[in-house]
Each structure stands twice: as C-alpha cells, then as structure tokens.
Amino acid sequence: MKYLPVSADSIRRAAQILREGGLVAFPTETVYGLGADAFNAGAVAKIFEVKNRPHFDPLIIHIAALETLEKVADFSVLSKETRQKLFFLAENLWPGPLSIVLPKNKKIPGIATAGLETAAIRFPDHEAARELISLSTGAVAAPSANQFGSLSPTRAEHVRDKLGNKVDMILDGGPTRIGLESTVIDITTDIDKSRHGEGSGVKILRPGGTPKEAIEKLIGAVEDGSPVMDASKGLVSPGQLKSHYAPNTLLVAFNMEDIEKIAYEKESAYIFFDGSTRDAWISAQKSPKSAVIRVLSETGQVLEAASHFFETLHELDNGKILRIFVQLAPQGGLGNAINDRIIHACT
Ligand code: TXA
Ligand code: MG
C-alpha cells in the first residue's frame, strides 16, 4: 500500500491505479472516500469486499465535470419538472456535499448501485478529489473509507489504521473540511410511483453537509426520508436504533436540558456541543475535575462542530473509555446531520 500526500504526482499515480481497477482512498470535503472506477464492475466489487459492506447498499458515483453526468445518469425518463430541479440543484449546490439520486446510465454496472435502477451522483468540492476523478475514467464509485457500520474517516490516518493493508493507495489531504457525509436526496419521485407512492415529493434520504434549508430555497419543500432527531426529546438510550457510523464504545446522547441527569463517571467521556453547556455541566458537578471532556465548538458554531464530530469519536473510541456521553446539536441546518449521526451511533 502506498501512503502519499496529495501532489500532482501522487494524484496521477492514484488515477493510474483507478484506471487499472485498483482501490484508492482519497480526501473529499466531507469524509475520505474509498474509490474505484465506477464503470468497472470488478473494481467496484472490491470495495464491497474491503468494507465488508452488504451488497444491497448502493455506492455514490463521483464526477468532476457536469458533462460527465450524462455518462452516469439517464435523463430520458425524467419529467421536465424533475430536470428543472436537477438543474437548479446542480447549478447552485455542485460542486458540494450533495448526492442526487438519478436514473442510472446502463454503463454503470449494477453492483455499484446494488441492483437499483438509480444511482446517487455527487460532484465533490475538493480540488484533489476532482483532479483524481478527471484523470481517471471520469466517474469514481466511492463510499466512505471505513468498515461498514463504523465511524467515517475524516483523516487519512483513520483510513490507514482501519483499512491500510486492503487498499492500493491512500492519498493524504489532511483533515476534511466538513467532516460529515453528503446529503443524499432523491428527486426521481415522479418516475417510479411504486417506490415512492402517489403524490409523494422529493426526499432527503440522508441529512448531511448540505442543509435541507439550502435545498428548499431552490426547489421548494422536501420531505425527510429518515426521521429527524428532535434534540428536545430527551435522552436517547442505547439499543433503540440500528447501529451505523458507530464507535465500539457505548454512546449516550443528551440535550442541554438534560445536563443535570448526566452524572460524572470515572470511565466516561463527555462531548459537549459548545463551551457554555460544558461550563454549566461542570459547575453542576461536585468533582468533575478529572473528567474526559471534549467540546465540538467552543462558540457553538455548527460548521466547526460538524467538522470535529467524527474526529472526536475516533479519538475517544480507544478502548479505555467505557461510555461516551454526547450532546445533541441545536435543530436545523447541519445540526440535523450531526444529530442523525449521533442517533445512529447510539447502539
Ligand atoms: O460524503 C459522502 O457522501 C461520502 C464521500 C466519500 O463522498 N460518501 C459516502 O458514501 O458517504 P456511503 O457509501 O458511505 O454512503 C452512501 C449513502 C448510503 O446511505 C446509500 O444507501 C445511499 O447513499 N445511496 C447510494 N446510492 C443510492 C441510491 N441509488 N438510492 C438511494 N440511496 C442511495
Ligand atoms: Mg458510509
């Protein structure tokens, strides 16, 4: 395995590996991706193997030019209205942390989309990623570069530690800017009524780096495909929801109103959204001096908090801590994406 910092030369070599059917882990603005040539079924199959990912879970296809869109998607079945939505989203939010589910082009092998007739397409806002994609075949299938169900990688070191011996190259571009995966949106609601039901609208399948509000400004109201966690609903106990993006350590979510119920425990760690909640918690404790405490954003900036989220979990998920308490983010915007990851991580 080669582990190289991003440079013109390493990107060229990585693109060569992709064209030859190999696997390259690379940075994007959201998280690190594990890439294979999207047109090469054999190469894509390796992704599933390395990640131990079930074959029913489709991959995101990454492009680096709008002209490539017609090579990975098939617009012929889209209504005029849906094309218009696609145009607005692509024009305003690409490149960026938004994956748009579209009817797939036949050139994309079924294994990449888990047999679905649709493919989630993303145009990342990261120079090295785009350069790599452009120098390869122009379309790179890439899930997050982690074992299926575990924490997403926001640094090249995370990939090296978990998948290092299973990939051909890791491109190190430093910590990722956004730190949470892209928002996945399905706009194909008018072409397959059996899947969506009559009259249902555009759906956000996964909240992520592009806030719902930014999407709604462009194309009107959209539905939440997965339940959005309400940060005012109180403590979320382990065992309620399906595990995903999960650390090995037990995670318990809480909101600000609950801080009195969160007692100091010797072998626990505490992740606060902002500095003022941490201060309130500390002053409510009798002897919290030696507590392991992390704050996602001292001043409560949601972008900063998002970028530290997975990284903080990676750091604390070290086998020494028995339980991690994590504060839910305020509702709305990227806060919904953070809360989605917290809830899924509470196993
Ligand atoms: O930010 C990201 O999206 C990162 C970077 C590497 O681009 N990628 C990523 O991929 O998070 P992954 O495989 O970890 O998550 C892809 C999500 C999954 O929830 C999958 O079910 C959904 O996208 N997805 C992919 N194709 C789909 C399709 N055709 N229909 C519905 N959902 C789809
Ligand atoms: Mg993932």
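Because the structure is a prediction, the values reported are computed rather than measured.

Colleague: Can you break down the packing of aromatic side chains residue by residue, with the values?
Modeller: Tallied over the full model, the rule gives 7 aromatic pairs. Their ring planes at 55 degrees and their centres at 6.1 Å tell us that F87 and F88 sit as a pair that is tilted. A residue is classified by how much of its surface remains accessible, and F87, at 46% relative accessible area, is partly exposed. Among the aromatic residues, those joined into a cluster by ring pairs are F254, Y270, F272, W281 and F325. We note R160 situated over the ring of Y3; from NZ or CZ to the ring centre the distance is 4.9 Å.

Colleague: Now, about the site of ligand 1: what can you tell me, with residues and values included?
Modeller: In the region of ligand 1, 23 residues are neighbours, and T30, R53, D57, H62 and S182 sit closest. One of the side-chain N or O atoms of H62 is found 2.6 Å from an oxygen atom in ligand 1. Interatomic distance of 2.9 Å between a side-chain N/O atom of R122 and an oxygen atom of ligand 1. Isolated, ligand 1 exposes 680 Å² of accessible area, and the fraction of that covered by the protein chains is 89%. For the shell around ligand 1, the secondary structure elements donating two or more residues are strand 4 (60–63), strand 6 (118–122) and strand 10 (203–206). Among the elements that take part in the shell around ligand 1, strand 6 stands out by supplying 4 residues, more than any other.

Colleague: Outline the sheet that holds strand 13 (residues 268–274), supporting the account with residue identities and numerical values.
Modeller: Taking strand neighbours across the sheet as the criterion, the 4 strands line up as 12-15-13-14 in an open arrangement whose pairing is parallel. Across the chains shown, the open sheet's two edge strands, defined by having one partner strand only, are strand 12 (250–254) and strand 14 (292–297). Pairs of neighbouring strands in the sheet enclose a mean axial angle of 20 degrees, with direction left out of account. Pairing of strand 13 with strand 15 (residues 323–327), which is carried by 4 bridges, proceeds in the parallel orientation. In the strand pairing of strand 15, I271 is matched with V326.

Colleague: Talk me through the side chain of T154; I want residue IDs and the actual numbers.
Modeller: Assignment of secondary structure puts T154 in the loop between strand 7 (139–141) and helix 6 (156–163). When near neighbours in sequence (up to four residues on either side) are disregarded, T154 contacts V31, Y32, G174, P175, T176, G179, F310 and E311.

Colleague: For the sheet that holds strand 8 (residues 169–172), give the residues involved together with the corresponding values.
Modeller: Reading across the sheet, the 11 strands line up as 1-8-2-3-7-4-6-5-9-10-11 and stay open at both edges, with mixed pairing between neighbours. Each having just a single partner strand, strand 1 (2–5) and strand 11 (223–224) make up the two edges of the open sheet. Two strands pair when backbone bridges link them, and strand 3 (residues 33–37) and strand 7 are joined in this way by 2 bridges, in the antiparallel orientation. Bridge pairing in strand 7 places A36 opposite A141. Running over the sheet, helix 6 touches strand 1, strand 2 (24–26), strand 3 and strand 8 and is turned about 160 degrees from strand 8.

Colleague: So what's going on with helix 11 (residues 334–345)? Which residues, and what values?
Modeller: With 12 residues, helix 11 should cover 16 Å at 1.5 Å per step; its first-to-last C-alpha distance of 17 Å lies within 8% of that length. Most of helix 11 is tucked away, with 11 of its 12 residues classed as buried. Taken together, the buried positions of helix 11 are occupied by L334, G335, N336, A337, I338, N339, D340, R341, I342, I343 and A345. Elements that come into contact with the buried residues of helix 11 comprise strand 10, strand 12, strand 13, helix 10 (302–316) and strand 15.

Colleague: How would you sum up the pattern of salt bridges? Please name residues and give values.
Modeller: Following the criterion strictly, the structure yields 18 salt bridges and no others. One salt bridge connects R278 with E298, and the closest N-O pair in it is separated by 2.7 Å. In this pair, R278 sits in helix 9 (residues 275–284) while E298 sits in the loop between strand 14 and helix 10, placing the two residues 20 residues apart along the sequence. What emerges from the salt-bridge pattern is a single network uniting D9, R12 and R13.

Colleague: I'd like to hear about the packing of helix 1 (residues 8–19) against helix 5 (residues 127–135), residue by residue, with values.
Modeller: At a closest axis distance of 8 Å, the pairing of helix 1 and helix 5 adopts a crossing angle of 45 degrees. Put simply, helix 1 runs oblique to helix 5. Relative to helix 5, the crossing made by helix 1 is right-handed. For the pair helix 1 and helix 5, the contacting residues are I11, R12, A14, A15, L18 and R19 in the first and A128, E131, L132 and L135 in the second. Looking at side-chain class alone, the contact of helix 1 with helix 5 contains 7 nonpolar, no polar and 3 charged residues.

Conventions used here
Residues numbered from 1 in each chain as written. Chains lettered and ligands numbered in written order. Predicted model: local features only at pLDDT ≥ 70, side-chain atom pairs only at ≥ 80, totals over all residues. Heavy atoms only, no water. Phe/Tyr/Trp six-rings, centres within 6.5 Å; stacked < 30°, edge-to-face > 60°. Buried < 20%, exposed > 50% of the residue type's maximum accessible area, 1.4 Å probe, protein only. Lys NZ or Arg CZ within 6 Å of the ring centre and 35° of its normal. Near = heavy atom within 4 Å. Polar contact = N/O pair within 3.5 Å; in protein donor to acceptor, adjacent residues only side chain to side chain. Areas by Shrake-Rupley, 256 points an atom, 1.4 Å probe, with all protein chains shown as cover. Helix = DSSP H or I, 4+ residues; strand = E, 2+ residues; numbered from the N terminus. Pairing = 2+ DSSP bridges. Axes fitted to C-alpha atoms, helices over the stretch in contact; angles between N-to-C directions. Contact = heavy atoms within 4.5 Å. Expected span 1.5 Å × (residues − 1). Salt bridge = Lys/Arg side-chain N within 4 Å of Asp/Glu carboxyl O. Parallel < 35°, antiparallel > 145°, perpendicular 65-115°, else oblique. Left-handed = near helix turned anticlockwise from the far one by under 90°. Nonpolar A, V, L, I, M, F, W, Y, C, P; charged D, E, K, R; others polar.

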